[in-house]
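An overview of the molecular structure
Spelled out, the chains give:
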Amino acid sequence: MKRLAIVLAAGQGKRMKSKLYKVLHPVCGKPMVGHVLDAVNQAGCERSIVVVGHGAEAVKSYLGSSAEYVLQEQQLGTGHAVKQAGPLLAEEQGTTVVICGDTPLVTAETIEALINHHTRKSAAATVLTAHMDQPYGYGRVVRGENGTVLRIVEQKDCSPEEAAVQEINTGTYCFDNAKLFAALEKVTNHNSQQEYYLTDVIGILVRENEVVEGYAVPDVRESIGVNDRIALSEAEQMMRERIVRGHMLGGVTIIDPSSTYIGAEVTIGSDTVIYPGTFLSGKTVIGEDCIIGPSAQIEDSIILDGAKVKQSVLSQAEVGRESTVGPFAYLRPGTKLGSKVKVGDFVEIKNASLDDGAKVSHLSYVGDAKVGKNVNIGCGAITVNYDGYNKSITEIEDDAFVGSNVNLIAPVKVGKGAYVVAGSTITQAVPENDLAIARARQENKAGYAEKIRARAKAKKQRQQESE
Ligand code: UD1
Ligand code: CA
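Keep in mind the model is a prediction, meaning the values are calculated, not measured.

Scanning the chain from N- to C-terminus turns up 10 helices and 39 strands. Relative to a compact globule of 467 residues, whose C-alpha radius of gyration would be 23 Å, the chain shows 32 Å and is clearly more extended. Based on the C-alpha atoms only, the size of the chain along its principal axes is roughly 110 × 60 × 40 Å. When the 467 residues of the chain are sorted by exposure, 48% land in the buried category.

So, in structure tokens, the structure goes:
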């Protein structure tokens, strides 16, 4: 049976009190609607239609070509929203999953199990339900004496008896596609919110003697619907635990899961160890056998096998095999470290490549630079890359040695194997294997320190006497 999906994402999400459209709020770094669409796609839905309205352009530009779209111009309710997919889907034969864009925790496995239950029971509709201690805010699933589903009643329309029901509608359903669109024609907006409720389709199908099933989600945490920032933080917490567990099951050691934050799209190789206080976000890729943290903040970066990054901040950086970074390094966008590179404490690197074996051990700024193999950049050496208007490039070729506290005034080039003496301010190219020295010559005045001290002492004394 063909699998189809409709994702509801047209609402504004008033309760979020936000400028950002609700379904674009990230959970572990990934917008909620992204989590939902990934789940239906993974569950084998051949076509996924996203119903957009508020923030339509923003939602479409985020999801791109991974879905088809229909516009719901006015948000007249979830039933009205599903109906908008009619022109694209009504002629299809198959099973249609309908899911809300604000339920990011629902997994592909659960959708799969829901579809299987639905198929086994030859149902017209199957509701994914959950048993909640605190069902407030959700639609309640009302069952008959023999346990069959009769209808769903929204919180605002509940009688006291219905409000006491603890089985809720998660907002995810499976329908026989033709029966769904036929039933939607019969939905009215005669309710407290004057909306066309998708949930009314359940009661309509029951009245038509169709088979309507309820399938309870095994893990109730999956069912959270995010309507406000409190639920958003709860969803974040649950997703975070799920992600961290997934990495541990995949062979990553995580010393303290409760203080480790890993974004939904991060990948980590086996036998990597993550120390506490670490934040990994964006499309960060970490290889095998790495040691990350404590206290590393790594965003959209690539860390290759065997690298170590501690107490450092990385953004759009690449760290080669067996390189070490930190403590207290800041690798900014465009940093590319080869293998076995060492970047030590209080080093900032931006838009610069450091080839295999290069070392910048302490207190340096390397920006807009190309640094060759086995180059050593001494303590306090910096590239002077900016004149207030323009950025210029520094090139340091293989095996060169840049002494401590050197200023390399870009554009400038230090040739292969050259040696730049500590304290030099380099403004001209240094040819291969030359030694460059660019500092005032030292002069020693014999015994002069004694004289200076005596003079200073006398001055102090005169001052005290005149007071
Ligand atoms: C809905 C269900 C409720 C269920 C809960 C689960 C209905 C009537 N109620 O309630 O039974 O317990 O989800 O989380 O379906 N949307 C549109 N167009 C609209 C209205 C909503 O696209 O006109 C989208 C929203 O963007 C959202 C989703 O549908 O992603 C659900 O809407 P929301 O207003 O959050 O419904 P709930 O009140 O949470
Ligand atoms: Ca909701």
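Once you've had a look at it, read on.
Moving on, we get to the coordination of the calcium ion (ligand 2). Looking at the calcium ion (ligand 2), the protein donor atoms are D102 (OD) and N227 (OD1), and they sit 2.3 to 2.4 Å from it. Of this pair, D102 sits in the loop between β6 (95-100) and α5 (108-120) while N227 sits in the loop between β11 (212-216) and α9 (229-249), and the two are 125 residues apart along the sequence. By relative accessible area, which is 12% here, D102 ends up buried.

It is worth spelling out the site of ligand 1 at this point. Inspection of the region around ligand 1 gives 24 residues, with G11, Q72, T78, E154 and N169 positioned closest. D102 is positioned such that a nitrogen or oxygen atom in its side chain is 3.1 Å from an oxygen atom of ligand 1. In the model, an oxygen atom of ligand 1 is placed 2.7 Å from a nitrogen or oxygen of the E154 side chain. For ligand 1, whose free accessible area comes to 760 Å², the fraction covered by protein is 91%. For the shell around ligand 1, the elements supplying multiple residues, two or more each, are β1 (3-9), α3 (78-83) and β10 (167-176). Among the residues making up the shell around ligand 1, the classes are represented as eight nonpolar, 12 polar and four charged.

A word on α9. Between its first and last C-alpha, α9 extends 30 Å over 21 residues, near the 30 Å set by a 1.5 Å rise per residue. The set of residues buried in α9 consists of A231, L232, A235, M238, M239, R240, I243, V244 and H247. Elements in contact with the buried residues of α9: β2 (26-27), α1 (32-42), β12 (253-254), β13 (260-262) and β14 (267-268). Between a side-chain oxygen at the N-terminus of α9 and the backbone nitrogen of I230 the separation is 3.2 Å; the capping residue is D228. Residue G251 follows α9 closely and has a positive phi angle near 105°.

Along its sequence, the chain is organised into domain 1 (2-223) and domain 2 (229-436). Averaged C-alpha coordinates put domain 1 and domain 2 at centres separated by 45 Å. Our count for the domain 1 to domain 2 interface comes out at one salt bridge. Here E241 makes a salt bridge to R221, at a shortest N to O gap of 3.9 Å.

Moving on: the pairing of strand β8 (residues 140-143). With four bridges connecting them, β8 and strand β9 (residues 149-153) associate as antiparallel partners. Bridging across to β9, V141 finds its partner in I152. Count of turn residues in the β8/β9 antiparallel hairpin: five residues, of which G147 carries a positive phi of about 90°.

So, on to the sheet that holds strand β37 (residues 419-420). What the 11 strands build is an open sheet, ordered β12-β15-β18-β21-β24-β27-β29-β31-β34-β37-β39; its pairing is parallel. Looking along the sheet, the strands with just one partner apiece sit at the ends: β12 and β39 (435-436). Summarising the sheet, strand β18 (residues 291-292) and strand β21 (residues 308-309) pair through two bridges and their orientation is parallel. When the sheet's bridge partners are listed, I291 is paired in β21 with K308.

Take the nonpolar core next. In this structure, I292, I303 and L354 are the most contacted members of the largest nonpolar core, which totals 94 residues. When residues in this core are grouped by element, the largest group, seven residues, is from α9. Summarising the domain contributions, this core has at least three residues from each of domain 1 (2-223) and domain 2 (229-436). Excluding residues that lie within four positions of it along the chain, I292 makes contacts with T272, V273, I274, Y275, T278, L280, I286, I298, I303 and V309.

Rules and cut-offs
Chains are numbered independently. Their residues run from 1 in the order of the written sequence. Chain A is the first chain written and ligand 1 is the first ligand written, with later ones labelled in order. The predicted origin of the model limits local features to residues at a pLDDT of at least 70 and limits the giving and counting of side-chain atom pairs to 80 or more, whereas totals for whole chains, interfaces and linings rest on all residues. Side-chain metrics in this entry use all non-hydrogen atoms of the structure; hydrogen atoms and water are not considered. Numbering of helices and strands starts at the N terminus; helices are DSSP runs of H or I of at least 4 residues and strands are runs of E of at least 2. Note on method: radius of gyration uses C-alpha positions; expected globular size equals 2.2 Å times residues raised to 0.38. In this scheme, a residue with accessible area under 20% of its type's maximum is buried, one over 50% is exposed, and one in between is partly exposed, where area comes from a 1.4 Å probe on protein chains only. The rule for donors is simple: an N, O or S atom within 2.8 Å of the metal counts, and for Na, K and Ca the reach is 3.2 Å. Water is not among the atoms, so a site may look short of donors. Note on definitions. A residue lies near a molecule or strand when any single heavy atom of the residue is within 4 Å of it. Identification of polar contacts relies on pairs of N or O atoms within 3.5 Å, with a donor-acceptor requirement for protein atoms, meaning one able to donate a hydrogen and the other able to accept it, and with residues adjacent in sequence counted only if both atoms are side-chain atoms. Per-residue accessibility takes into account occlusion by the displayed protein chains alone, with areas from the Shrake-Rupley method and a 1.4 Å probe. Classes in brief: Ala, Val, Leu, Ile, Met, Phe, Trp, Tyr, Cys and Pro nonpolar; Asp, Glu, Lys and Arg charged; the others, Gly included, polar. The length a helix should cover is 1.5 Å for every residue beyond the first. Residue contacts are counted whenever heavy atoms from the two residues lie within 4.5 Å of one another. Domain ranges listed in this record stem from an automatic or a database domain assignment. The term salt bridge refers to a pairing of a side-chain nitrogen on Lys or Arg with a carboxyl oxygen on Asp or Glu at a separation within 4 Å. Strands were regarded as paired on the criterion that DSSP finds at least two bridges between them. We call a set of buried residues a nonpolar core when its members are Ala, Val, Leu, Ile, Met, Phe, Trp, Tyr or Cys and they connect through side-chain atoms within 4.5 Å of each other.

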